[in-house]
Every structure is written in C-alpha cells, then in structure tokens.
Amino acid sequence: MLTVYGAAWCPHCTQTVSYLEQKKIDFTYVDIESAPDDVVQQVIEVNGGDDWVVPTLENDGKWCRGKVFSRRDIDSDLKALGLKLD
C-alpha cells in the first residue's frame, strides 16, 4: 500500500493527500514529526541524507523523494511506484 510521509503544516502534503483522495487511491499517512526515529532516518536517506523532505511517497519498497506538489509530478511518481491511475 502507498504510504505518504508528510507534515500537517505542509501545503504540498495537504495537496497530495487531497489529490490521492480525489483519485480514490488508498494510502497510509505518516506524520513525519511524530514518526519513530528509524522511519525519519529512512525518509532522510531517500531525500539525499541531509534532512527529511515531505511529502515523500513509498510503495512496496519503492520510494519517490519529496517535492513541490504538481499533478504531473505526482502522476509520474505514482506510475513509477507501480500504481495505476484512472
């Protein structure tokens, strides 16, 4: 299942969540600020090793780095993660 790592204060996370709901894509949301240290460290590593960036997406062990929300980019990321879009 798709996991979205985000933060409540992040507008790009809010847009990503809304877009996924609109597309009826099931996902689990993890608030990075209350996530266990090992989860935070994994998100940091995925995003280049300096700091965490949200929203970061993961599906079945495949990751897409955090970035500014755009429909084109999220669609591309979802396809790269093996998810089908309607």
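Residues numbered from 1 in each chain as written. Predicted model: local features only at pLDDT ≥ 70, side-chain atom pairs only at ≥ 80, totals over all residues. Heavy atoms only, no water.

### Some details on the state of the cysteines
Going by this rule: Put simply, a disulfide is two cysteine sulfurs that come within 2.5 Å. Partly exposed residues are those whose accessible area sits between 20% and 50% of the maximum for their type, while under 20% is buried and over 50% is exposed, using a 1.4 Å probe and protein chains only.
Summed over all chains, the structure comprises zero disulfides. We note that cysteine 64 lacks a disulfide partner, and the nearest cysteine sulfur, in cysteine 13, lies 14 Å from it. Owing to a relative accessible area of 8%, cysteine 64 belongs among the buried residues under this scheme.

### Quick word on the environment of lysine 23
What counts here: Starting at the N terminus, helices and strands are each numbered in turn, a helix being any DSSP run of H or I of at least four residues and a strand any DSSP run of E of at least two.
Relative to the assigned elements, lysine 23 resides in the loop between helix 1 (11-22) and strand 2 (27-31). Using a relative accessible area of 26% as the deciding quantity, one classes lysine 23 as partly exposed. The sequence separation of lysine 23 and valine 68 amounts to 45 residues, and the corresponding C-alpha distance is 19 Å.

### Here we look at the packing of helix 1 against helix 3 (residues 71-80)
The line we're drawing: Convention adopted: a line fitted to C-alpha atoms gives each axis, helices being fitted over their contacting stretch, and angles between N-to-C directions are expressed from 0 to 180 degrees. For any pair of crossing helices, the crossing counts as left-handed if the nearer helix is rotated counterclockwise from the farther one by less than a right angle, and right-handed if it is rotated clockwise. Throughout, a contact is declared for two residues whenever any of their heavy atoms are within 4.5 Å. In this classification, Asp, Glu, Lys and Arg are treated as charged, Ala, Val, Leu, Ile, Met, Phe, Trp, Tyr, Cys and Pro as nonpolar, and every other residue, Gly included, as polar.
Following both chains from N to C, one finds helix 1 and helix 3 inclined at 65 degrees, their axes separated by 11 Å at the closest point. In this structure, helix 1 crosses over helix 3, and the sense of that crossing is right-handed. Along its contact with helix 1, which presents Thr16, Tyr19, Leu20 and Gln22, the element helix 3 presents Arg71, Ile74, Asp75 and Leu78. A breakdown of the residues in the contact of helix 1 with helix 3 according to their chemical character gives four nonpolar, two polar and two charged.

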